[in-house]
Amino acid sequence: MDYVLGVDLGTSYFKLGLLNKQGDLCGFSRIFVPKDTGDGTRSEVPVDHFWQVLKKGLQDACVQAQTTPSRIKAVSYSSQANSFVLLDKNKSPLTPIILWCDNRAENADLCKDVFNNDGFLDITGLGIGCSHQFCISKLLWFQQLQPDLWSQVDHVMTISDYFTYCMTGQTVGDASTASLLGLLNIHNLQWQKDFFPFEHIHLSTPLRPGTCAGSVVKNGTELFGLPPDIPFVVGSLDHLMGAVGAGAGSIADMSESTGTVLACLKLSSHYHPLENTSTGPGFTENQYYQLAFNDNGAVGLEWYQNKFSDKETFHQFVQSARDINVGSNGLVAKPGFHLYKGMEGFDNCSLLHEKGHFTRAILELTALSLFQLVNILSPGSLPQRIAATGGGAKSEIWLQIKADLLGIEFITTQAQAPACTGAAMYASLAAGWFADIEAVSAKWIKIKNIFKPIERNHEKYQEWYNAVTSNQV
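Here is what the cut-offs are and how they apply
- Residues numbered from 1 in each chain as written.
- Predicted model: local features only at pLDDT ≥ 70, side-chain atom pairs only at ≥ 80, totals over all residues.
- Heavy atoms only, no water.
- Pairing = 2+ DSSP bridges.
- Helix = DSSP H or I, 4+ residues; strand = E, 2+ residues; numbered from the N terminus.
- Axes fitted to C-alpha atoms, helices over the stretch in contact; angles between N-to-C directions.
- Salt bridge = Lys/Arg side-chain N within 4 Å of Asp/Glu carboxyl O.
- Buried < 20%, exposed > 50% of the residue type's maximum accessible area, 1.4 Å probe, protein only.

Novice: How would you sum up the sheet that holds strand β3 (residues 25-32)? Please name residues and give values.
Specialist: Taken in spatial order, the 6 strands line up as β3-β2-β1-β5-β15-β14 in an open sheet, and their pairing is mixed. Of all strands in the sheet, those with a lone pairing partner are β3 and β14 (212-215), marking the two edges. Each neighbouring strand pair of the sheet contributes to a mean axis angle of 20 degrees, computed without reference to strand direction. Summarising the sheet, strand β2 (residues 13-19) and β3 pair through 7 bridges and their orientation is antiparallel. Within the sheet, the bridge partner assigned to Leu18 lies in β3 and is Gly27.

Pasting the structure below:
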């Protein structure tokens, strides 16, 4: 049996999925990515560890599928953004891979001048304020604080650019993750050179997501273990690829991901950049993605479980919210509640509130935050159906709360790893298995569960929403 490979270059884990022509996930691995933290401000992955993790992941996926890499016919990826490596003129790494969550530039607002360029939002589509987590801030940090190393730098590659280069020998990357750098002109998919504050530094040429960058070369075979000469397709931002793998654009109007952060993504045929969102290129000339996110994801729920219920499984823990009424009997979780002292992150707290009330209040906060993100992306015209991904998609209670509060149908699909699936879908086109992405979607995207809003609960949540949001103003 033949397969295509989807690689998800996540921050905490690399995931690799082998899918057959029917879209079955036959082999899957989830490998923890060890990081060097230095003095506590660093978040780096040594280049040799990067390849060791990927190679181990491929081996594990092949063992599970009872196959060998020789049966893989094409490969693509999904990727985090703003993680990068510095290289010299021979394209040899000068640094480890520096992840977006690295805090070395935390005390300096170094990218402010780039983000204040005239026309920045319209040109780049990036409506998110600058921060130390952007690649550009860390590049300026290197320039200012490590001039000897910086003098040797000739190329800057994002993590997916570097993966692509090592696999194909081509200095190209995908315009989707590139758009999060704040340096890409979305209108022509070219670098906006007057925004780039460095002379003589080369960036990889951006290609539209889903474009075949070439074939796997000998170096790629040695580093990763893939067979030579198979097509390598540049992928996209993980949120975009996960949305495609979950059915956004085919069986759903929008996708949401409830993980460490909460994210909502919409595909559009019109370019309309917005404040507090990221707008980037999709897979076709007239397609764009719009991404909005905030911190009210699963991190607070994990905090509460670890603090008060660490002996229960996630399923057992969340079950405590099942029989609690809409509105958690008046208990309301504030945004960022887990950062407050004690239980000061909850309003209207009383001795009558038990674990189930706190759990449901946290689930309701995430649903409320999601509703606000959906309204940012689709003001005045809510979608009819949202595809759910991330760890939160494993909780039926949470999904029902979201459906009830938003008054929107939520779905989950059979895809166990949507980002890997989305990448494999585009690899399957390069393998010649399908004529277009619509044909792949029709074959591979299968609905698992549908969560329809319960009318009486939706009515109660409308009253609850008005009361809660009025108190937040």
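Novice: Just give me the short version of the pattern of salt bridges, but keep the residues and values in it.
Specialist: One pass over the full model with this rule turns up 10 salt bridges. Two residues, Glu256 and Lys402, come together in a salt bridge whose shortest N-O distance is 2.9 Å. Linking Glu256 in strand β16 (residues 254-258) with Lys402 in helix α13 (residues 396-406), this pair joins segments that are 146 residues apart in sequence. In this structure, the salt-bridge partner of Glu364 is Arg360, at a minimum N-O distance of 3.2 Å. Of the two residues, Glu364 and Arg360 both sit in helix α12 (residues 355-377), 4 residues apart, roughly one turn of that helix. Residue classification places Arg360 among the buried residues on the basis of a relative accessible area of 6%. One salt-bridge network, held together by shared partners, links Glu44, Asp102 and Arg104.

Novice: Just give me the short version of the sheet that holds strand β22 (residues 385-389), but keep the residues and values in it.
Specialist: Pairing in this open sheet of 7 strands is mixed, and the strands run β18-β19-β17-β16-β22-β23-β24 from one edge to the other. Of all the strands in the sheet, the pair left with one neighbour each is β18 (278-281) and β24 (447-451). Taken over all neighbouring pairs, the strand axes of this sheet differ in orientation by 25 degrees on average, direction set aside.

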